[in-house]
Amino acid sequence: MKILAIETSCDDTCAAVLKNDQLLSNVISSQTDLHAKWGGVVPDIAKRAHNERIEPVIKTSLKRAHLKMEDIDVIAVTLGPGLAIALGIGVNKAKEMAIKYNKKLIGVNHVEGHILVNLIKNKEGKPDRKIEFPALAMTVSGGHTKLVLVEKIGKYKVIGETLDDAAGEALDKAAKMMGLGYPGGPILERLAEKGDKNYLKLPRPLSNQKNFDYSFSGLKTSFYYQIKDWPKEKIGQNLANLSATFQDAVFDSLLIKFRKAIEFYKPKTLLVSGGVLANLELRKRLRKLAKETKTPIFMPVKKQFNTDNAAMIGIAAYYKALRKEFVKDKEKLDRNPRLGL
Ligand code: KG4
Ligand code: ZN
């Protein structure tokens, strides 16, 4: 089965081609530069960029896979959650192509894509990861922070999520408060390496509660009030310390709940993913936690699998195709910005 997957839920225009669960090509046209000066994603700019880029990105993905449209069996596309006008461009393109070329069509949940990204294989069939169920997945990005119990592929239960900001969003906002660029996550990571993580005292919100939910807005507010009257020079001199302190508070919050959920649900495998997983310190701490709880952990094997991409939509579509979950009425397929798992 050959799958062409399309992802346009936020600010990356993406297309990928898979042969079953093996990735043949993965094209990502990032709009980060366009949005950077505004300090976040601007919907109108994203819409225009997706519109301009979607066709060349799809063409390139087919070319790199050495395939033509005739060779494709299934077209897959992200339905949500995400930015409505951005999602619409991918969904319309997928519908139009599925009708024109008479292909099967599959709608995919973006979060399911993030979870299953850990199952993608290369052309040699590697890595051949055996996931045992139940698995516990944590996806941490700029748009979501979720803990999901995976009873089997296709059967998910959200056991915890952020009540306000996503973890990546919190990192981005803290970076903005310090006058740093966007996205803030990678900038804080670099600065934090040389900083003192105990420089300020920051809360670990909800850490004493029994549930598995997260909250990052209190952390952000506490950070804001502690530095708001500082002169610019003082912030400038302490960028490493502030980055280390804030990043540590975010990662602590993530790890505290993840550990609690592992102890409660006793999963057989851990699956972690999302943009923030590009962070090496977070990866190190997750590996340590996995070791301590004696649970195998899988993380994205390529940097481009952490952030948004269409390969993850393709792998989720592959398993949906095995379950014959094709769209019945292609004309009626619609985006769903608030799609739940
Ligand atoms: O998954 P993603 O590309 O998009 C969403 O679906 O949101 O995640 C983007 C988020 C941003 O908040 C960004 O700051 C964060 O991932 N991020 C990082 C790193 N690289 C990206 N956070 C911490 N350390 C990094 N190295
Ligand atoms: Zn995402």
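Sequence order as written defines the numbering, with residues in each chain counted from 1. By the order in which they are written, chains take letters starting at A while ligands take numbers starting at 1. pLDDT decides what is reported in this predicted model: residues at 70 or higher carry local features, side-chain atom pairs at 80 or more are listed and counted, and totals for whole chains, interfaces and linings draw on all residues regardless. With hydrogens and water excluded, all non-hydrogen atoms of the structure serve as input to the side-chain values.

Chemist: How should the overall build of the protein be read in this particular structure?
Modeler: Elements are defined by DSSP. Helices are runs of H or I of four residues or more, strands are runs of E of two residues or more, and each kind is numbered from the N terminus. From N to C terminus, the protein includes 12 helices and 10 strands. Here the C-alpha atoms of the protein give a radius of gyration of 20 Å, agreeing with the 20 Å that 2.2 N^0.38 yields for 341 residues. Based on the C-alpha atoms only, the size of the protein along its principal axes is roughly 60 × 45 × 35 Å. Buried means the residue's accessible area, taken with a 1.4 Å probe over protein chains only, is under 20% of the maximum for its type, while exposed means over 50%, and partly exposed covers the values in between. A total of 341 residues make up the protein; the buried ones form 56% of that total. Two residues form a contact once any of their heavy atoms are found within 4.5 Å. Contacts spanning at least 24 positions in sequence make up 74% of the contacts within the protein whose residues lie at least 6 apart. We compute the radius of gyration from the C-alpha atoms alone; for a globule the expected value is 2.2 Å times N to the 0.38, where N is the number of residues.

Chemist: I keep staring at the site of ligand 1 and nothing clicks. Help me out?
Modeler: Around ligand 1 there are 21 residues in total, and Gly 142, Gly 143, Asp 172, Gly 185 and Glu 189 lie nearest to it. Between ligand 1 and Gly 168, the relevant distance is 3.1 Å, taken from an oxygen atom to a main-chain nitrogen or oxygen of the residue. A distance of 2.7 Å is found between an oxygen atom of ligand 1 and a side-chain nitrogen or oxygen belonging to Asp 172. Relative to its free-state accessible area of 560 Å², ligand 1 is covered by the protein chains to the extent of 90%. The way it works is a 1 Å grid over only the protein atoms, where trapped points that fit a 1.4 Å probe form a cavity and open points with protein on both sides within 12 Å along at least five of seven lines form a pocket, and then any residue with an atom within 4 Å of a point lines it. Molecules are considered to sit inside a cavity or pocket once more than half of their atoms lie within 2 Å of its grid points. At a threshold of 2 Å from the grid points, most atoms of ligand 1 map onto the largest pocket. Of all elements in the fold, only helix H4 (110-116), helix H5 (167-177) and helix H6 (184-192) reach the threshold of two or more residues within the shell around ligand 1. Here the element with the most residues in the shell around ligand 1 is H5; it accounts for 4 residues. We call a residue near a molecule or strand when any one of its heavy atoms sits within 4 Å of it. Within 3.5 Å is the distance limit for a polar contact, defined as a pair of N or O atoms, with the added protein rule that one can donate a hydrogen and the other accept it, and that residues adjacent in sequence qualify only through two side-chain atoms. The accessible surface values rely on the Shrake-Rupley method and a 1.4 Å probe; as for residues, cover is taken only from the protein chains in view.

Chemist: Would you take a moment to explain helix H12 (residues 311-322) for this structure?
Modeler: Residue pairs spaced three or four apart in an α-helix point in one direction, given the helix's 3.6 residues per turn. With 12 residues, H12 extends 17 Å between its outermost C-alpha atoms, agreeing within 8% with the 16 Å of an ideal straight helix rising 1.5 Å per residue. H12 sits mainly inside the fold: 11 of its 12 residues count as buried. Those residues of H12 that fall on the buried side of the exposure criterion are Ala 311, Met 312, Ile 313, Gly 314, Ile 315, Ala 316, Ala 317, Tyr 318, Tyr 319, Lys 320 and Ala 321. Backbone geometry just downstream of H12 places Lys 324 in the positive-phi region, at approximately 60 degrees. One fewer than the residue count of a helix, multiplied by 1.5 Å, yields its expected span.

Chemist: Just to check I follow, could you spell out the pairing of strand E9 (residues 269-273) for this structure?
Modeler: Every regular strand shows the same layout, with side chains that alternate between the two sheet faces. With 5 of its 5 residues buried, E9 lies for the most part within the structure. The pairing criterion for strands is at least two bridges between them, as found by DSSP. When strand E6 (residues 135-140) meets E9, the two strands line up parallel, connected through 5 bridges. Within E9, the position partnered with Thr 139 by the bridge is Ser 273. Sheet topology places E9 next to strand E10 (residues 297-298); 2 bridges connect them, and they run parallel. Pairing of Leu 270 across the sheet is with Ile 297, part of E10.

Chemist: Could you clarify how one ought to interpret the environment of Val 27 in this entry?
Modeler: Structurally, Val 27 can be placed in strand E3 (residues 22-30). Classification of Val 27 by relative accessible area gives buried; the value is 8%. With 144 residues separating them along the chain, Val 27 and Leu 171 place their C-alpha atoms 26 Å apart. Once you skip the residues sitting within four places of it in the chain, Val 27 turns out to touch Thr 13, Cys 14, Ala 15, Val 57, Thr 60, Ser 61 and Arg 64.

Chemist: I keep staring at the sheet that holds E9 and nothing clicks. Help me out?
Modeler: Across a sheet, paired strands are connected by hydrogen bonds in the backbone, their directions being either parallel or antiparallel. With respect to topology, 5 strands assemble into an open sheet ordered E8-E7-E6-E9-E10, the strand pairing being mixed. A strand with exactly one partner marks an edge of an open sheet, and here the two such strands are strand E8 (155-161) and E10. Strand direction decides the pairing type here: strand E7 (residues 145-152) and E8, joined by 6 bridges, are antiparallel. Paired with Val 150 across the bridge in E8 is Tyr 156. For helices, the fitted line uses only the C-alpha atoms of the stretch in contact; every axis is such a line through C-alpha atoms, and the angle between N-to-C directions lies from 0 to 180 degrees. Of the strands in this sheet, E6, E7, E8 and E9 are in contact with helix H9 (residues 239-265), which crosses E6 at around 165 degrees.

Everything listed here is a matter of geometry and, on its own, says nothing about what the molecule does.
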